[in-house]
Amino acid sequence: MLRYALLRLLGAIPTLLLVIVLAFLMVHAAPGGPFDEERALPADVAAKIEAAYHLDETLPQQFMRYMSGLLQGDLGPSFRYRDYTVSELIGSGFPVSLRLGLLAILLALLVGVGSGTIAALRQGSLLDRVVMSFAMTGISIPVFVVGPVLVLLFAVKLHWLPAGWSGTESVWKYLLPVITLALPQIAYIARLTRASMIDVLSRDFIRTARAQGLGTKAIIRFHALKPAMLPVLSYMGPAIAAILTGSVVVEEVFGIPGLGQFFVRGALNRDYTLVLGIVIFYATLIIALNLIVDILYGVIDPRVRHR
Amino acid sequence: MKLIRILLLTVLLVGIAACGGSGDDKDRANVLHRGLAIDPETLDAHKARSIQAADILRDAGEGLVSYSASGELTPGVAESWEVSEDGLTYTFHLRDNAKWSNGDAVIAEHFVFSVQRLINPETAAFYAQLLGDVAGLEAVDDRTLVITLERPTPYLLSLLTHPATFPMHPGSLAEHGDDFARPGTLLSNGAYVLAAWVPGSVLKLTRNELYWNNAATAIDEVQHHVLTQEMTELARYRAGEIDITASVPPDSFQQVKAELGDQLHVAPYLGVYYYGYNLTRPPFKDNPELRQALSMAIDRELLVEKITGRGESVAYSWVPPGVDNYEPTVLSYAPLTQAERNNIARTLYKSAGYSEDNPLQLELRYNTSDTQQRVALAIQSMWRDALGVETTLINEEFQVLLANMRDREITQVFRSSWIGDYNDAHTFLSVMQSDSAANMPAYASEEYDSLMQRAASQVDLDRRRLYLEEAERVMLADHPAIPIYFYVSKHLVSPRVAGWGDSVLDYHYSQHLSFKAVE
């Protein structure tokens, strides 16, 4: 098991390196520079600033400089937030995105698995159809529509919840963004759970359990839930990645200072170091998450370990 | 049953996990919430370029002179000043109770230090050019500052309201180095001091108890909320979380006007929206007739009424109306009707060698945004209907458009704008001088440059004004760009806020605002 984990870890290094090189080349290939604005800088001033950020060097020189900083854990200064370093910005944005993402995942799992299971048990019933059409809607309505509609309803009209993020300490400010972010995942997980549960419930060992006189609750809890969760579990890796990166839109709609917003702004402003820093950070995170899911898979399903 | 249990559990978990903050909302009573379109890039007044950085710094600092809520120049750190006969020497008398937020006195030397840092090439300050006409600064004593000029600069006082010319505390810079402009270290000599800055979220300013005019400050805390999406800002305003918005979204403007008309403040703003020609490439190089034809064929009245629709005013000049000591000269064809303009435009178009069989094909570049798109589509069809021009619309990401404008290798017509830095025609007209970095069309006219030079050396305001107006006339006749409309500032101001004044520079100092007593 440990050997398996270590091998996977080593295998991740070239992937990460490739991501860094590609990201570096891509941000620098984008037309326009970080200090271009409508009120153009006089040539001498522009040259001074570019020199201060080593933008006057050749691309390979800049890459080597960046890599040597990276190896020492230094992601460099932000070009757009000139009073901040990239590490500071990630340190400020990531906990926000993480908290948002974890809450959304939790909500998605609880509601998704719960409603999926119920739908599977009452297959073909009205409840099933209601849950599944809700799931279809959740998947098809984009986040940038759901978000503003929720805000309009609960914040502007009813005044129950805050419309935005900054300046309010109330924990209720999490509710609308978390629901918005979780909605498509709830829908997806509910559908996965339902399909998988229906499949599992028709297996022989469930029939055996039933024959032994176990009630539906006990069958679900002790026999069906674990195997039925396998597809959901393997979906967790992509789901977490989707929620963390997908929070970009939610962060924009609600004005939340998370990593997603920094990423979008950074890309538009040609904040080379900020974009690179976030790409590297996310790449590392996603590789690590995939690794963890694979290992968890091995724990739940022994067949994976012995393959 | 189970579903309900799960839901309850979720709510509970959300509650627990979200418990990062501290309980209740702070008393909203004396906290002003303002919208800010983007984060300042820095609060180092010399390195900042954005309007947003200047907005914050005007709350967290003060220059020799300042503006009142209604836009008149008022004494700031200087309680009085004298100007010499030749207009070349300004003597400022600093008030003796001006203090930094750490208790140190604000002295003349701090202004000298600030200006020296601003114009030092090592600082690489964009606004160093603001003080291009300043020959020297001398701190005669702690309370007397003398500024000498190379040529009379009648807008000097207006420049001194710009945060780049605010004083700086040398000790603070020596102690903190590049980190001096962060919360906790940034010293303020203004009504507020920076207490916190969460990038992408909020800048909090709290009352500076040591400010000389602190007694006149009504509001204890100001929060500038970074809201990049205008729709989000509007939703928060409607929910009562924001007192003053930075803008109003174009799509919601009519609805806002109908529903919140008494809270909507639309005012002329010193900014021009224009289409520039690339004068270094065909078809517009050495082709003023064609440039004039395209300019004339744009129905600006229709455009501002039907397309932009937020109270913008049509532009037939380069300098917007409302500038001090100036009467903008207008394009020669301004008095004609659109039908008459189109007739002349067609003649010019023909004499430039184009016709129905041989239409002009051109590329119009603009930055990706709904407003730009709508304006471009409208102008495309106006050009087609009036002249038969075949326009290809190319929308580009803003940084791409900027790079293309600067390189001048593929552009033909491009969208741009210019926002005034101070209340004088010079801030607009200097853009078109041949040596200006902001001169995107690459307009180069010896006559224009020399008129600008002559205006610069005039002490007499009336004669200076004549030279400037003549310069504008010369430039407009060459059609290096098409002024389309003048911007307006658009704010929603909560009924609980008092002291709001519309201003052409769109400066709104928090220190002038207060809350109305709640009945």
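Residues numbered from 1 in each chain as written. Chains lettered and ligands numbered in written order. Predicted model: local features only at pLDDT ≥ 70, side-chain atom pairs only at ≥ 80, totals over all residues. Heavy atoms only, no water.

Participant: So what exactly am I meant to see when it comes to the overall build of chain A here?
Facilitator: A count of helices and strands for chain A gives 13 helices and zero strands. For chain A, the succession of helices and strands along the chain, N to C, is α-α-α-α-α-α-α-α-α-α-α-α-α. In terms of overall dimensions, chain A has a C-alpha envelope of 85 × 55 × 30 Å along the principal axes. Here chain A holds 307 residues, and 49% of them are scored as buried. Counting only carbon and sulfur atoms, one obtains 69% of the accessible surface of chain A, whose full area is about 14,700 Å². Here chain A contributes 25 positively and 19 negatively charged side chains, and the mean placements of these two sets differ by 18 Å. (Helix = DSSP H or I, 4+ residues; strand = E, 2+ residues; numbered from the N terminus. Buried < 20%, exposed > 50% of the residue type's maximum accessible area, 1.4 Å probe, protein only. Areas by Shrake-Rupley, 256 points an atom, 1.4 Å probe, with all protein chains shown as cover. Lys, Arg positive; Asp, Glu negative; His and termini not counted. Charge placed at Lys NZ, Arg CZ, Asp CG, Glu CD.)

Participant: Which parts of the structure should I look at to understand a nonpolar patch on the surface?
Facilitator: All names here are of chain A. Judged by side-chain polarity, Ile141, Phe144, Val145, Val149 and Val249 come together as a nonpolar surface patch covering roughly 400 Å² of accessible area. The leading source of residues in the nonpolar patch is helix α6 (residues 143–157), at three residues. Take Val145: it is sitting in helix α6. Taking the relative accessible area as the measure of exposure, Val145 reaches 34% and is therefore partly exposed. (Patch = residues over 30% accessible without salt bridge, like charges linked within 9 Å, V, L, I, M, F, W, Y side chains within 5 Å. Salt bridge = Lys/Arg side-chain N within 4 Å of Asp/Glu carboxyl O.)

Participant: Please clarify how the nonpolar core should be interpreted in this entry.
Facilitator: The nonpolar side chains of a soluble globular protein tend to be buried with one another. Counting 95 residues, the largest nonpolar core has Leu43, Leu64, Phe92, Leu145 and Ile147 of chain B as the members making the most contacts within it. Top contributing element to this core by residue count: helix α12 (residues 272–300) of chain A, with eight residues. Every residue in contact with Leu145 of chain B, bar those within four places of it in the chain, is listed here: Leu64, Tyr90, Thr91, Phe92, Leu94, Ala108, Phe111, Val112, Leu137, Glu138 and Ala139 of chain B. Among the nonpolar cores identified, the runner-up in size contains 78 residues, and Tyr67, Leu270, Tyr326 and Met432 of chain B belong to it. (Core = buried A, V, L, I, M, F, W, Y, C linked by side-chain atoms within 4.5 Å. Contact = heavy atoms within 4.5 Å.)

Participant: Whenever I open this one, the pairing of strand β7 (residues 144–149) of chain B confuses me. Can you help?
Facilitator: Residue and element names in this part refer to chain B. In terms of burial, β7 is largely enclosed, as five of its six residues are buried. Bridge count between strand β5 (residues 89–94) and β7: five bridges; the pairing is antiparallel. Note that in β7 the partner of Phe92 across the bridge is Leu145. Pairing analysis gives six bridges linking strand β6 (residues 134–141) to β7, with the strands arranged antiparallel. Residue pairing for β7: Asp141 is matched across the bridge by Thr144. The turn linking β6 back onto β7 is made up of two residues. (Pairing = 2+ DSSP bridges.)

Participant: When you look at the environment of Gly277 of chain A in this model, what are you seeing that I'm missing?
Facilitator: Residues and elements named next belong to chain A. Here Gly277 shows up in helix α12. Separated by 107 residues in the primary sequence, Gly277 and Ser170 place their C-alpha atoms 31 Å from one another. When neighbours within four sequence positions are excluded, Gly277 is seen to be in contact with Tyr66, Leu75, Val86 and Ile90.

Participant: Whenever I open this one, the confidence of the model for chain B confuses me. Can you help?
Facilitator: Note: predicted coordinates in regions of low pLDDT should not be interpreted at a detailed level. All names here are of chain B. Confidence in the prediction of chain B, expressed as mean pLDDT, is 90, and 94% of residues score 70 or more. Considering each helix and strand of chain B separately, the mean pLDDT is smallest for helix α1 (residues 2–18), with a value of 47, and largest for β5, with 96. Below a pLDDT of 50 lies the segment residues 1–10, which in the model reaches eight contacts outside its immediate sequence neighbourhood of four places, other chains included. Here residues 16–26 is a poorly scored stretch, pLDDT under 50, and it has 15 contacts once near neighbours within four places are set aside; other chains count. The ipTM, which scores confidence in the relative placement of chains, is 0.85 for this predicted complex, and the corresponding pTM is 0.87. (pLDDT = per-residue confidence, 0-100.)

Participant: Help me out: how do you make sense of the pairing of strand β13 (residues 361–367) of chain B in this one?
Facilitator: For a regular strand, side chains alternate in direction, first toward one face of the sheet and then toward the other. All names here are of chain B. β13 sits mainly inside the fold: five of its seven residues count as buried. The sheet contact formed by β13 and strand β14 (residues 390–396) spans seven bridges and is parallel. The partner of Glu363 across the bridge, within β14, is Thr392. Of the crossover connections in this fold, the one passing from β13 over helix α11 (residues 370–387) to the parallel β14 is right-handed. Bridge analysis of β13 against strand β15 (residues 413–419) gives two bridges, and the strand direction is parallel. Bridge pairing in β15 links Arg365 to Phe414. (Right-handed = clockwise from strand over helix to strand, strands pointing away.)

Participant: What's the story with the interface of chain B and chain A in this structure? I'm lost.
Facilitator: It is common to report an interface's size as the accessible area lost on association of the parts. At the junction of the two partners, chain B supplies 67 residues and chain A supplies 60 residues. Interface of chain B and chain A: buried area, both sides summed, is about 5,400 Å²; carbon and sulfur atoms make up 57% of it. Among the residues chain B hides against chain A, the three largest losses belong to Arg49, Pro199 and Gln399 of chain B. Together they make up 13% of the total. Between chain B and chain A we count four salt bridges in total. Residue Lys48 of chain A is joined to Glu122 of chain B by a salt bridge in which the shortest nitrogen-to-oxygen separation is 4.0 Å. Put simply, chain B and chain A have 20 residue pairs in polar contact (both at pLDDT 80 or more) between them. Of all elements in the fold, only α1, β8 (192–198), β9 (202–207), β10 (221–226), α6 (230–238), α12 (398–407) and β15 of chain B reach the threshold of two or more residues within the side of chain B that touches chain A. (Buried area = accessible area lost by both parts, 1.4 Å probe. Polar contact = N/O pair within 3.5 Å; in protein donor to acceptor, adjacent residues only side chain to side chain.)

Participant: In this structure, what is going on with α11 of chain B? I would like to understand it.
Facilitator: Note: α-helices contain 3.6 residues per turn, so residues at a spacing of three or four share the same orientation. Residues and elements named next belong to chain B. Between its first and last C-alpha, α11 extends 25 Å over 18 residues, near the 26 Å set by a 1.5 Å rise per residue. Listing the buried residues of α11 in full gives Thr371, Gln372, Val375, Ala376, Ala378, Ile379, Gln380, Met382, Trp383, Ala386 and Leu387. Gly388 sits one or two positions beyond α11 and adopts a positive phi of about 85°. (Expected span 1.5 Å × (residues − 1).)

Participant: Before we go on, may I ask you to explain the sheet that holds β6 of chain B in this structure?
Facilitator: Hydrogen bonding along the main chain pairs the strands of a sheet, whether they run parallel or antiparallel. Residues and elements named next belong to chain B. Taken together, the four strands give an open sheet; going across it, the order is β4-β5-β7-β6, and neighbouring strands pair in antiparallel fashion. Single-partner strands in this sheet number two, and they are β4 (78–83) and β6. Between one strand axis and the next, the sheet turns by 20° as a mean value, whatever way the strands run. Those strands touched by helix α3 (residues 108–119) are β5, β6 and β7, and its axis lies near 155° from that of β6. (Axes fitted to C-alpha atoms, helices over the stretch in contact; angles between N-to-C directions.)

Participant: Whenever I open this one, the packing of helix α1 (residues 2–29) of chain A against α12 of chain A confuses me. Can you help?
Facilitator: For any two helices packed against each other, one specifies the crossing angle of their axes together with the interaxial distance. All names here are of chain A. One way to put it is that α1 packs onto α12 with a least axis distance of 10 Å and a crossing angle of 155°. As far as their axial angle goes, α12 and α1 are roughly antiparallel. At the point where α1 passes α12, the crossing takes the right-handed sense. Residues that form the contact of α1 with α12 fall into these classes: 19 nonpolar, three polar and two charged. (Parallel < 35°, antiparallel > 145°, perpendicular 65-115°, else oblique. Left-handed = near helix turned anticlockwise from the far one by under 90°. Nonpolar A, V, L, I, M, F, W, Y, C, P; charged D, E, K, R; others polar.)

Participant: Mind showing me how you'd approach the side chain of Thr144 of chain B here?
Facilitator: With respect to the helices and strands, the residue Thr144 of chain B is situated in strand β7. Apart from residues lying up to four places away in sequence, Thr144 of chain B is in contact with Thr91, Phe92, His93, Ala108, Glu138 and Ala139 of chain B.

Participant: When you look at the sheet that holds β13 of chain B in this model, what are you seeing that I'm missing?
Facilitator: Residues and elements named next belong to chain B. Sheet architecture is open: six strands sit in the order β12-β16-β11-β15-β13-β14, paired in mixed fashion. For this open sheet the edge positions go to β12 (313–314) and β14, each flanked by a neighbour on one side alone. Each of β11 (264–277) and β16 (481–492) is contacted by helix α7 (residues 253–260), which is oriented at about 165° to β11, the strand it contacts most. Together, β11, β13 and β16 form the strand contacts of helix α8 (residues 288–296), whose direction differs from that of β11 by roughly 150°.

Participant: Please explain the packing of helix α4 (residues 86–121) of chain A against α12 of chain A as it appears in this structure.
Facilitator: Residues and elements named next belong to chain A. Following both chains from N to C, one finds α4 and α12 inclined at 55°, their axes separated by 10 Å at the closest point. Taken as axis vectors, α4 and α12 run oblique relative to one another. The handedness of the crossing between α4 and α12 comes out as right-handed. Residues Val86, Leu89, Ile90 and Phe94 of α4 touch α12, and the partners they reach there are Thr273, Leu274, Gly277, Ile278, Phe281 and Leu285.

Participant: What is the right way to read the pattern of salt bridges from this model?
Facilitator: When charged atoms on two side chains of opposite charge get close, those side chains can pair. Within this structure, the stated rule accounts for 26 salt bridges over all chains. Between Asp44 of chain B and Arg117 of chain B there is a salt bridge, and its shortest N-O distance comes to 2.7 Å. Residue Asp44 of chain B is located in the loop between β1 (31–36) and α2 (51–59), and its partner Arg117 of chain B is located in helix α3; the two are separated by 73 residues in the primary sequence. Looking at Arg117 of chain B, the relative accessible area reads 15%, which means it is buried. In this structure, Arg58 of chain B engages Asp55 of chain B in a salt bridge whose closest nitrogen and oxygen atoms are separated by 2.7 Å. Taken together, the residues Arg58 of chain B and Asp55 of chain B, both in helix α2 and three residues apart, mark about one turn of the helix. Here the salt bridges share partners, and the residues they tie into one network are Asp36 of chain A together with Arg406 and Asp407 of chain B.

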